[in-house]
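# Overview (structure and organization)
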Amino acid sequence: MSQTQSANDAVDTLSNTERTYNFSAGPAVLPEEVLRQAQRDLWDIDGTGIGVLEHSHRDATIDRVFEEAEKGCRELAGIGDDHAVLFLSGGACQQFAMLAMNFLTPGRTGDYLVTGNWARTARSYADSYGSTHAAYDGTDCVFDHVPAPEEISYSDDPVYVHYCSNNTIYGTSYAEPPRTEAPLIADMSSEMFSRPWDYSAHAMTYACAQKNLGPAGGSCVIISRELLERTNQGLPKIFRYEDHVAKGSRLNTPPVFTVYMMGLAFRWISEQGGVDQMASRNREKAGLIYDAIDGSGGFWIPHAREDSRSMMNINFRTTDPELDKRFIQEAHQHGMSALKGHRSVGGMRASVYNAFPRQGCVQLAEMMREFARTNG
Ligand SMILES: Cc1ncc(COP(=O)(O)O)c(C=O)c1O
């Protein structure tokens, strides 16, 4: 039997409960149903006798895939025709640059709420194209919360306000979008469709796929037609949102597989009961881990302030980095992987996206309690 054949058999027999609990911040866990559908469609999609990776991006099967992905996205986001939906190659960092190239008009300023590394990077990319202003900067408090309205100070008449709704590295998120009259742009990479959000009130929302939506290599972008009218002229076509909209996200060869997977993920979310249901599950799942932190009598130290806690990324540590290391090793031995915190925060980070199984949160919380009892 070839190596590939034996790998196939392993995939066929390993059920979700036998897999490792993958707490990775991204690329991250995907729904079992989506992965199993993809396994089938890799060989033959829609009875065409051709796998999804092998179809031309301009044939009828891939038309169907793109239409379904867009329809699913529109339904979950609750947006109408005044917003366009795009599936673009490249991740969120590409959007950091593209949005500034398109909308940071000469002589105007783009405001940024700097709530973590990614929000800061978004601003730094825009600095290459025009003037930016940090309307908030949480560096001094190591990004342990997102700003209250009184902590934000916008520039006069910003061309847009950019924020990151969920800060993957620091485990903080907004309870509601920041208030502003300016066009609002959200990086929702690590939480898109994990809870209800007012997408229609945003001029633009985007997310790289590899956390909550699918594999790496592409992004989902929702953009208002009003904002599109303000596009800077003179950009190469490939960097202009308008041109991508005109060509239905197929200006050039797109990351078809990533879009296909996002389409399946959108369908899966709908079948589970939509974003409301996702939110209630995610709240309960994250709550299991926060309860273990809060009930530890100070053994586990959370990074995020209580009013800013993320349901997707949960950071915690002890007072001793060596103990943290041991916890991560022991968790790994118990079938829980990728719990090491980002290097800029240390400690542990549990990323529990939509598809992350509840039982993994139960198991982690149990181990946290036991570890605190024996090492506290
Ligand atoms: C909130 C956020 N924004 C942006 C990025 C960067 O995404 P990409 O690596 O796809 O460019 C990440 C990735 O971890 C992220 O979590």
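Residues numbered from 1 in each chain as written. Predicted model: local features only at pLDDT ≥ 70, side-chain atom pairs only at ≥ 80, totals over all residues.

What follows covers the domain arrangement of the chain. Split into domains, the chain comes out as domain 1 (43-271) and domain 2 (273-375). For domain 1 versus domain 2, the distance between C-alpha centres works out to 27 Å. Taken together, the contact pairs 22 residues of domain 1 with 23 residues of domain 2. For the side of domain 1 that touches domain 2, the elements supplying multiple residues, two or more each, are strand 7 (172-173) and helix 8 (256-271). Of the residues that constitute the side of domain 1 that touches domain 2, the class distribution is seven nonpolar, eleven polar and four charged. (Domains from an automatic or database assignment. Contact = placed C-beta atoms within 7 Å. Helix = DSSP H or I, 4+ residues; strand = E, 2+ residues; numbered from the N terminus. Nonpolar A, V, L, I, M, F, W, Y, C, P; charged D, E, K, R; others polar.)

Glancing now at the site of the ligand. If you check the shell around the ligand, you find Gly26, Gly91, Ala92, Cys93, Trp118, Cys164, Thr168, Asp187, Ser189, Ser190 and Cys208 and nothing else. Taken together, the residues of the shell around the ligand sort by class into five nonpolar, five polar and one charged. (Near = placed C-beta within 6 Å.)

Moving on, we come to the pairing of strand 8 (residues 184-187). Burial along strand 8 is two-sided: Leu184 and Ala186 and Ile185 and Asp187, pointing in opposite directions, are all buried. Relative to strand 8, strand 5 (residues 160-164) is paired through four bridges, and the arrangement is parallel. The partner of His162 across the bridge, within strand 8, is Ile185. Note that strand 8 and strand 9 (residues 204-208) share three bridges and pair parallel. Looking across to strand 9, one finds that Ala186 is bridged to Thr205. (Buried ≥ 20, exposed ≤ 12 C-beta atoms within 10 Å, placed from the backbone. Pairing = 2+ DSSP bridges.)

Those residues of helix 5 (residues 117-127) not exposed but buried are Trp118, Ala119, Ala122, Arg123 and Ala126. Relative to the axis of helix 5, the buried residues are bounded by an arc of 145° and lie together on one face. Among the structural elements, helix 4 (92-103), strand 3 (109-114), strand 4 (131-137), strand 5, strand 6 (166-167) and strand 8 are those in contact with the buried residues of helix 5. (Arc of directions from axis to C-beta.)

Residues Met204, Cys220, Met262 and Ile289 are the most contacted members of the largest nonpolar core, which totals 98 residues. Of the residues forming this core, the biggest block, nine residues, is contributed by helix 8. Lining this core are residues from two domains, each supplying at least three of them: domain 1 (43-271) and domain 2 (273-375). Excluding residues that lie within four positions of it along the chain, Cys220 makes contacts with Cys73, Phe87, Met192, Tyr206, Ala207, Ala209, Leu213 and Met262. (Core = buried A, V, L, I, M, F, W, Y, C linked by C-beta atoms within 7 Å.)

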